Amino acid sequence: MDYVFTLTSLHACLLQGGAEWFTEMDGERCRAWRVTRVDVDDYAYFVHAADTLDSPRIIVFDQTSDGIDNALWMNKAVLKRMHLAAVAATRPPLKLDRRWSSYQYKNLFAFYATKRGGGVRWTAENRPQGTHDLVYWQLTREHVMPLERFRPDYAAYFDVVDQWEAAFAEASRRADEEPEAAEPSTSVVALDETFAEVARGRGYSAWLPLLTPEQRRFLLLEPDGPIKLRGPAGTGKTLCLVLKAIHEVKEARRRGEDISVLFLTHSWAMAQQIDEALRDVDEFDCAGSITVWPLFGMAQEYLPPPPPGLSLLGEDSRTGMLEQLRRVDDLLSEVIEEAWPAFRAGCREEFVRAVESEPGSDDRRLFEWELLNEFACVLNAEKIKPGINADREYLDLPRSPWMMSLDSDREKRFVLHLYARYIQGLERDGLISNDQIMSDFFLAVDTWRWNYERKTQGYDRIFVDELHLFNGQERLVLQYFYRHVDQYPIMYVALDPRQSPQMTYVGVPANGLVRGDTNGDAKSLGTSQLVSLTRVHRFSPDVLALLRHINHSYPAVSLDEDWELDLDAVDSSRPSRAVPTVYRHSTRYDEALAVLRRCRQAAENKGGKSRRVAVVLVDPDALTVYEEIVFDHADSVRPQILRARDDVVGLRYAQKTIVLSPVEYVAGLQFDVVIVAGLRPVRRGPWSTNRLRQMLSMLYLAISRATDEVEIHVNLASGGIPDILASAIEANKLVLDA
């Protein structure tokens, strides 16, 4: 059987249909998507309610006569690529993603039907016989027929076209009989209507005089690193990204350069809309150099396909997240009935309230969101799998402020029990979650192989829309698409500071019910969040340069958001002091001894004024070693030691100028000199996303406590200098002590 779609009908099927629908393309189910299937002789026509008789068609011929099983292309992933090619073909000259290995001859073209290594290629024709149709003629395995020798069967094409009018009339008749309930889903209508406002039918040149000063400044910024575009809904963030992507390609060509641009989105639907907007606005044939793709789709492109019997839980980040939330909601109701009483006694009152909150309530939905974040960005990221060792691995895991607030082992064990049941449910149903795919993808790109490969397959510019909808694990992946491994990624990201993933998916703003406060419990600390040894964040240019290096190396991770520190607002008017220095020692004991000696030297009067010094330990377990040395050398150095959050209050009354503290207790404080030490052992090889984010966040927080000078001390027994600091040395933001 031959199949005939329109751009609109295939788009609707891809948005609404699950992977299983495409194996049969059932006409009853697609009626709910306003798509009508009409069978005439050996032809199946799919007509959308918005189509007209003149709508461009996508014709896919039966492949069995050539010995090819139609199941090869009756596949959602393959049809997505076919649809993207059809959209690109509406605005010739045709330009496809370079990874598809496309080849063109006149209006014939060929490309890989599946991701690289699939070995299956389409031979297609755009606008046959002067029409606006696109025909997929032939699917071949490995063998590549020269397009110059390919002879299309136009008789077969005309047979299909001759029946179109009758099929369209029948589809229109059936659509008129459909009840009003067969309207498209609100989300699809909202996307279409919202995105129609982006381009508004104007081209690039027509938009320029209408831009606000801020939008125009963004458009003309010279790229030298990552840039975040912030603004609430309606301020034109997406429009700015679309115009900027075209501008970057246009300006590069003017300089005689040919750059490739990646535009990442959160869903297939948004990718489709942005791709269409780019082509509407483009006046310079730049859209062909811009690849628009959802992040999850990129992961699918680079990872091997799931084995037989294993299916993806969602088609993109958005649909996967919604399906995961549904499963967590069902699971929580089951576990509360069966297992919760065994955990309840050892949990905080607020945790108990969250677990026992009414199903469907704001508190319940927010708790489920926090659970899913813990599953994705901690347990999955750490590769903790249910089993004998899971309990100890999870309980021993250091906690960071961005994680779910779990104060007791009983709370952690309850979360781990939920996680084990969640994984069991996925395995029982033959499913792999989107978070598991992204965790695998991170490990795949954080390798030497990818470091070489991305120099040829990576991109020169990266654009990310709606960054606020990506979780921490997804954000860590983004810079790995950048081609130039020795430079800060040129990345443009748009985000809405008033929006958040939990608002989008569960409709509830974060309220501190479950997530811990980065500055501690306000009741126990009183006004201690205002206790600052300087009243505002002010850095010397040297400290600021090191902080920006860390932030620019991972621009999408938003480290400043973890600790409510906005580098864009930092005052760097102080005079330059000294470039931060890193010192190496043999063991942790040697390191601690040297650090405490340095404390006394750093605190000595400079210009008649004693300086405030903090020894900030990235690994809280290092405090034991440091306390032993303080006890043994009490005559030489006696710092004020912060062992808990409550100790911060005592700094108001302390006369000592030296503070020794784990990093988590110094948020909100400021010192003249910060000595960063007690780094956790460096893991060579791929970092887990959780440990990498944790290390970056803690290091960032520690350094950001300094106004004038920073020293960093490491020891060889713990692995020496982390990669992020090694790159800072290469960038001259950090000096290695000889």
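Everything below is about the structure printed above this text.
Since the model is a prediction, treat every value here as computed from it, not as a measurement.

What counts, and at which threshold
- Residues numbered from 1 in each chain as written.
- Predicted model: local features only at pLDDT ≥ 70, side-chain atom pairs only at ≥ 80, totals over all residues.
- Heavy atoms only, no water.
- Pairing = 2+ DSSP bridges.
- Helix = DSSP H or I, 4+ residues; strand = E, 2+ residues; numbered from the N terminus.
- Contact = heavy atoms within 4.5 Å.
- Axes fitted to C-alpha atoms, helices over the stretch in contact; angles between N-to-C directions.
- Core = buried A, V, L, I, M, F, W, Y, C linked by side-chain atoms within 4.5 Å.
- Buried < 20%, exposed > 50% of the residue type's maximum accessible area, 1.4 Å probe, protein only.
- Parallel < 35°, antiparallel > 145°, perpendicular 65-115°, else oblique.
- Nonpolar A, V, L, I, M, F, W, Y, C, P; charged D, E, K, R; others polar.

### Thoughts on the sheet that holds strand 17 (residues 613-617)
The 7 strands are arranged 18-19-17-20-21-16-22 in an open sheet whose pairing can be described as parallel. Bordering the open sheet on either side are strand 18 (640-641) and strand 22 (735-736), each of which pairs with just one other strand. With 5 bridges connecting them, strand 20 (residues 671-677) and strand 21 (residues 706-715) associate as parallel partners. What sits directly across from Val 676, in strand 21, is Ile 712. Relative to the sheet, helix 25 (residues 588-603) contacts strand 16 (581-585), strand 17, strand 19 (658-662), strand 20 and strand 21, its axis offset from that of strand 21 by approximately 160°.

### Considering the nonpolar core
If you look at soluble globular proteins, the nonpolar side chains tend to sit buried side by side. Grouped together as the largest cluster of nonpolar side chains are 142 residues, with contacts concentrated most on Trp 73, Phe 481 and Ile 712. Setting aside anything within four residues of it in sequence, one finds Ile 712 in contact with Leu 546, Thr 581, Val 582, Tyr 583, Val 676, Leu 679, Ile 703, Leu 725 and Leu 734. Core analysis: the next-biggest nonpolar cluster, separate from the first, contains 41 residues, Val 335, Leu 397, Met 403 and Val 415 among them.

### Looking at the environment of Phe 46
Tracing the chain through its elements places Phe 46 in strand 3 (residues 43-48). In sequence terms Phe 46 and Met 25 are 21 residues apart; their C-alpha atoms lie 9.6 Å from each other. Those residues in contact with Phe 46 that sit more than four places away from it in its chain are Tyr 3, Val 4, Phe 5, Thr 6, Ser 9, Trp 21, Met 25, Val 35, Thr 36 and Arg 37.

### Topic: the sheet that holds strand 9 (residues 227-230)
Sheets are built from strands that pair by backbone hydrogen bonding, the pairs being arranged parallel or antiparallel. A sheet is described by the order of its strands in space; here 5 strands give the open sequence 9-15-14-10-11, paired in parallel fashion. Here the strands that pair on one side only, and so sit at the sheet edges, are strand 9 and strand 11 (290-294). Here the average twist between neighbouring strands, direction ignored, is 15°. Across 4 bridges, strand 9 lies against strand 15 (residues 491-495) in parallel orientation. Each bridged residue has a counterpart across the sheet, and for Arg 230 the counterpart in strand 15 is Leu 495. Of the strands in this sheet, strand 10 (261-265) and strand 11 touch helix 11 (residues 295-302), which is tilted by about 95° from strand 11.

### Considering the packing of helix 12 (residues 317-338) against helix 15 (residues 362-380)
Direction vectors running N to C along helix 12 and helix 15 enclose 110°, while the axes themselves pass 10 Å from each other. For the element pair helix 12 / helix 15, the angle class is roughly perpendicular. Of helix 15, the residues touching helix 12 (which contributes Met 321, Gln 324, Leu 325, Val 328, Asp 329, Leu 332, Ser 333 and Ile 336) are Arg 364, Phe 367, Glu 368, Trp 369, Leu 371, Leu 372 and Phe 375. For the contact of helix 12 with helix 15, the residue count by class is 10 nonpolar, 2 polar and 3 charged.

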